[in-house]
Amino acid sequence: MAERRQPIQIDSAMLQHYIEALGSIGRQAGGGIVRPVYSAAWVQARGQLAAWMRAAGLDVREDSVGNLFGRLRGVDDSRTILTGSHLDTVPLGGKFDGTLGILSGLVALRALREQAGQPLRSLEVVALCEEEGSRFQAHYWGTRGMLGLIGADELERLRDDRGMTIAKAMRAVGLSPERYHEAVRRDLDAFIELHIEQGRILFDERVDLGIVQAIVGLQHQWVTVKGRADHAGTTPMHLRRDALQGAAQMAVEITRLVEQDGRPAVVTLGKWEVKPGAVNVIPDEVSFSIDLRHPEEEIKRRLATAIRDRCQAIARERGLVVSSEITSDSPPSSMDAALQAILISSAEACGASWRAMPSGAGHDSQEMARHLPTAMLFVPSVEGRSHSAAEYTTQEDAARGATVLATALHQLAY
Ligand SMILES: [Zn+2]
């Protein structure tokens, strides 16, 4: 491992200015930001970022899917260490999610150029696109473009709410969708993403930084419980095959199973459909979603099996039939151990406290990590608020994160 280095000093006032200025692009009357990929606000934000990248002395370039890069050329310009995050937001999102990772990378590269000169290996900051999938449900689109994971069929298949294909939206902002494969990168040695935690562990424990060990695996299921519709007034309780009563008991017991397993397992039953959906009819069909997450695949699978067995048992006891469909299932994604060690030694060189932790949310890093060494650095979110206008990270925490990022990039590239 590289020897311990002095912290690189980033410009905290400049970082704050960038956060506020970028956060005003796409801002709605109520305060939340709407900046979906390939929208006018997204184009404006990207133009602003490109101007800041040029002012920082970086070479600016966009790829064929719309990712924007600022490059600090190394003595060896054939290999690249990449940092950054996503520029798109969820509807009415905050000004830190994604954005903070890009802006921290930008001030870090600026500070490195000024304080350390030319790196041995090239450094690049990236603004990735359509991570959230808010417009086309094309999650991690920019990252998948760089990794060669975009399917040709997606260009005409993926549509936004108004029916516009992603190919047409790309053309509207001057991109050539048929050249999507030109975004593939084979020169990347590492990816480091700084991101807000979006939870409240660091905030509650008053720890400066989170070093992510793994991004959770995530399974989505759609469960359907079938019973029999009968008259609400004339059917005695003991003769009912009420699908909702069964589903409600399943919900309570699924939650209890996961609570018993303890942190970091989480489960959410966020979407429900009740048929026939009348006040005076016993429900005969109830469907609900399960969102189950755990950073260890084995435990995630064990919990999924326990949930299925318990639902089957409840259905049998009540004369109901239950079926479930796994609608998506992604394994956990491990962060690179050597890069985690560099982040830890950088945090310590900067006098920052840290803890290792999983990420309960999905990030571009989970896709990157399956193809190249990747690590994530979390900064605290005040009260854990995220995906809302209430999202906030203090100036001190943001500056500390960017300082540690710059120091880690120094270790890696100089
Ligand atoms: Zn994000």
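Right above here is the structure, for reference.
These lines cover the structure that appears in this document, whether it is placed above or below. Small disclaimer: the values here were computed from a predicted structure and weren't measured.

1. Some thoughts on a nonpolar patch on the surface
A cluster of nonpolar side chains, contributed by Leu244, Trp272 and Val274, occupies part of the molecular surface with about 230 Å² of accessible area. Within the secondary structure, Leu244 is located in helix α8 (residues 243–261). Residue classification places Leu244 among the partly exposed positions, given a relative accessible area of 32%.

2. Focus: the pairing of strand β2 (residues 68–72)
Counting buried positions over the 5 residues of β2 gives 5, a clear majority of the element. Sheet analysis places strand β1 (residues 59–62) next to β2, joined by 4 bridges and oriented antiparallel. Bridged to Val60 within β2 is Gly70. What sits between β1 and β2 in their antiparallel hairpin is a turn of 5 residues, with Gly66 showing a positive phi close to 110°.

3. What to know about the pattern of salt bridges
If the charged atoms of two oppositely charged side chains come close together, the side chains can form a pair. This model, assessed by the stated rule, comprises 31 salt bridges. Notably, a salt bridge pairs Lys95 with Glu20, separated by 3.0 Å at the nearest N-O pair. With Lys95 in the loop between β3 (76–86) and α3 (99–116) and Glu20 in helix α1 (residues 12–23), this pair connects stretches of sequence that are 75 residues apart. Two residues, Asp153 and Arg157, come together in a salt bridge whose shortest N-O distance is 3.0 Å. Residue classification places Asp153 among the partly exposed residues on the basis of a relative accessible area of 46%. One salt-bridge network, held together by shared partners, links Asp59, Arg71, Arg73, Asp77, Glu124, Arg185 and Asp187.

4. Quick word on the side chain of Ser64
On the secondary structure map, Ser64 appears in the loop between β1 and β2. Judged by its relative accessible area of 9%, Ser64 falls in the buried class. Among the polar contacts made by the side chain of Ser64, one reaches the main-chain carbonyl oxygen of Tyr180 at a distance of 3.4 Å. At 3.3 Å, the side chain of Ser64 forms a polar contact with the backbone nitrogen of Ala183. Contact partners of Ser64, with chain neighbours within four places excluded, come to Met170, Leu175, Ser176, Arg179, Tyr180, Glu182 and Ala183.

5. Side note on the packing of aromatic side chains
Aromatic ring pairs: the centre-centre distance and the angle between the two ring planes describe each pair. A complete count under the given rule lists 4 aromatic pairs for this structure. Aromatic pair Tyr18 and Trp52: ring centres 4.1 Å apart, planes at 25°, arrangement stacked. Within this pair, whereas Tyr18 is found in helix α1, its partner Trp52 is found in helix α2 (residues 40–55), the two being separated by 34 residues in sequence. Across this residue pair, the class does not change: Tyr18 and Trp52 are buried. Judged by centre distance (4.7 Å) and plane angle (20°), the ring pair of Trp272 and Phe288 falls under stacked. Of this pair, Trp272 sits in strand β9 (residues 272–275) while Phe288 sits in strand β10 (residues 285–294), and the two are 16 residues apart along the sequence. The class of Phe288 is buried, set by a relative accessible area of 0%. Directly above the ring of Phe69 sits Arg185, whose terminal nitrogen or CZ lies 5.1 Å from the centroid. Here Lys271 stacks its cationic end above the ring of Trp222, 5.8 Å away from the centre of that ring.

6. A word on unusual backbone geometry
The omega torsion of the bond from Arg263 to Pro264 falls at 5°, within 30 degrees of zero and hence cis. Looking at the secondary structure, you find Pro264 in the loop between α8 and β8 (266–268). The peptide bond linking Lys275 to Pro276 adopts the cis configuration, its omega dihedral lying at 0°. By the element assignment, Pro276 lies in the loop between β9 and β10. The backbone of Glu130 sits at a positive phi, close to 50°, despite the residue not being glycine. One can find Glu130 in the loop between β4 (121–128) and α4 (141–147). Accessibility expressed as a relative area gives 0% for Glu130, which makes it buried.

Conventions adopted
Residues numbered from 1 in each chain as written. Predicted model: local features only at pLDDT ≥ 70, side-chain atom pairs only at ≥ 80, totals over all residues. Heavy atoms only, no water. Patch = residues over 30% accessible without salt bridge, like charges linked within 9 Å, V, L, I, M, F, W, Y side chains within 5 Å. Areas by Shrake-Rupley, 256 points an atom, 1.4 Å probe, with all protein chains shown as cover. Salt bridge = Lys/Arg side-chain N within 4 Å of Asp/Glu carboxyl O. Helix = DSSP H or I, 4+ residues; strand = E, 2+ residues; numbered from the N terminus. Buried < 20%, exposed > 50% of the residue type's maximum accessible area, 1.4 Å probe, protein only. Pairing = 2+ DSSP bridges. Polar contact = N/O pair within 3.5 Å; in protein donor to acceptor, adjacent residues only side chain to side chain. Contact = heavy atoms within 4.5 Å. Phe/Tyr/Trp six-rings, centres within 6.5 Å; stacked < 30°, edge-to-face > 60°. Lys NZ or Arg CZ within 6 Å of the ring centre and 35° of its normal.

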